[in-house]
Amino acid sequence: MGYDRPGEPLVLGVPRAAFRPSPIFLALVALFVTSGVLTWHGSGNVRFDVFLFVVSGWLVSLCLHEYAHAVVAYRSGDRDIAHRGYLTLNPLKYTNPLLSIVLPVIVLLLGGIGLPGGAVWVDRHAIPGRLRHTLVSLAGPATNVLFTLLLAMAVLIGPGLVGGPLAFWAGVALLAFLQLTASVLNLLPVPGLDGGNMIQPWLSPSYRRMYDMFAPFGFIVLFALLWNPRIGGWFFGAVFSVADFLGLPPQLYLIGRELIQFWQG
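Because the structure is predicted, anything quoted here is derived from the model rather than measured.

Definitions and cut-offs
Residues numbered from 1 in each chain as written. Predicted model: local features only at pLDDT ≥ 70, side-chain atom pairs only at ≥ 80, totals over all residues. Heavy atoms only, no water. Axes fitted to C-alpha atoms, helices over the stretch in contact; angles between N-to-C directions. Helix = DSSP H or I, 4+ residues; strand = E, 2+ residues; numbered from the N terminus. Parallel < 35°, antiparallel > 145°, perpendicular 65-115°, else oblique. Contact = heavy atoms within 4.5 Å. Nonpolar A, V, L, I, M, F, W, Y, C, P; charged D, E, K, R; others polar. Salt bridge = Lys/Arg side-chain N within 4 Å of Asp/Glu carboxyl O. Buried < 20%, exposed > 50% of the residue type's maximum accessible area, 1.4 Å probe, protein only. Arc of directions from axis to C-beta. Phe/Tyr/Trp six-rings, centres within 6.5 Å; stacked < 30°, edge-to-face > 60°. Left-handed = near helix turned anticlockwise from the far one by under 90°.

1. Overview of the packing of helix α6 (residues 166–187) against helix α11 (residues 250–260)
Close contact between α6 and α11 brings their axes to 7 Å; oriented N to C, the two are set at 100°. Between α6 and α11, the angle falls in the class roughly perpendicular. Only L252, Y253, I255, G256, R257, L259 and I260 of α11 make contact with α6, whose side of the interface consists of L166, A167, W169, A170, A173, L174 and F177. Classifying every residue of the contact of α6 with α11 by side-chain character gives 12 nonpolar, one polar and one charged.

2. Some details on the pattern of salt bridges
Taken as a whole, this structure holds one salt bridge when the rule is applied. Two residues, D78 and R84, come together in a salt bridge whose shortest N-O distance is 2.8 Å.

3. As for helix α9 (residues 218–226)
Structural remark: α-helix, 3.6 residues per turn; residues separated by three or four positions point the same way. Within α9, burial applies to G218, F219, L222 and L226. With its buried residues spanning 100° around the axis, α9 presents them on a single face.

4. As for the environment of V145
As for its position among the elements, V145 is in helix α5 (residues 130–162). You can call V145 partly exposed: its relative accessible area is 33%. For the pair V145 and T181, spaced 36 residues apart in the sequence, the C-alpha separation amounts to 9.7 Å.

5. What about the packing of aromatic side chains?
Taken as a whole and judged by the stated rule, the model has 12 aromatic pairs. Ring centres of F48 and F51 lie 5.6 Å apart, and the angle between their planes is 25°; this geometry places the pair in the stacked category. Residue F48 and its partner F51 are both found in helix α2 (residues 46–76); the two are separated by three residues, about one turn of the helix. Judged by its relative accessible area of 33%, F48 is partly exposed. Residue F51 is classed as buried on the basis of its relative accessible area of 15%. Seen in terms of ring centroids, F177 and Y253 are 4.4 Å apart; in terms of plane orientation they differ by 15°. Their pairing is stacked.

6. Details of the packing of α2 against α6
Orientation of α2 relative to α6, taken along the N-to-C sense of each, is 35°, at an axis distance of 10 Å. Crossing of α2 against α6: the hand is right-handed. Across the interface between the two elements, V46, V50, F53, V54, G57, W58, S61 and H65 from α2 touch A167, F168, G171, V172, L174, L175, L178, Q179, A182 and N186 from α6. For the contact of α2 with α6, the residue count by class is 12 nonpolar, six polar and no charged.

By themselves, these are just geometric observations and shouldn't be taken as functional.
Structural data, given as structure tokens:
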């Protein structure tokens, strides 16, 4: 451990401030907890409380998804990722706030799916070995999968164990469904998404050049394909099957989806 300036300790040459959660992330966590308490007690506008509960919970998970990428990249050799602010869980540090935060939230509200959100820039040249590159890309979706399992378990056990209002558990069920859709979408082998980035290091040089050429447009192509009735039907059919396997009650997360659209009445 060293010191960058008087009183500022370093961790592997990086100021400790680079590892502290940002005030924005802490505010999102506080909003998530507060709106969850309000939803539980039904002390305000229930529909608006559920809206805040789900949106803030989704944004917290988005921050943790990107943090998982960043911390694995940091541990794998990319020390500069700490200087870029990605280890502070600040969503405004992501490469494009419009595509990373605004668009996924809009799609969440209108379509009830969890689009892949933020993006961290990783210095791939600083990370040795193809396996480490794959693990960096896998870290984010693995976070979504973990959240899916934890939230699904909460929905299955919680109502019978502690009771509580329908609106609260509908919000939790919707969060679980959003995490499930995000898990599936992120693991698709689409150029530019985490699933594609997991296999990119293992491609031959010619296929890798082709992959890198299409990667900037992968998110847009995926978004367009989901609006195709046939492809969207296949996707949602697969997601609903996994949700049924996990025991997520469809009527519950559909109630949650209806509640977050508070402007409809």
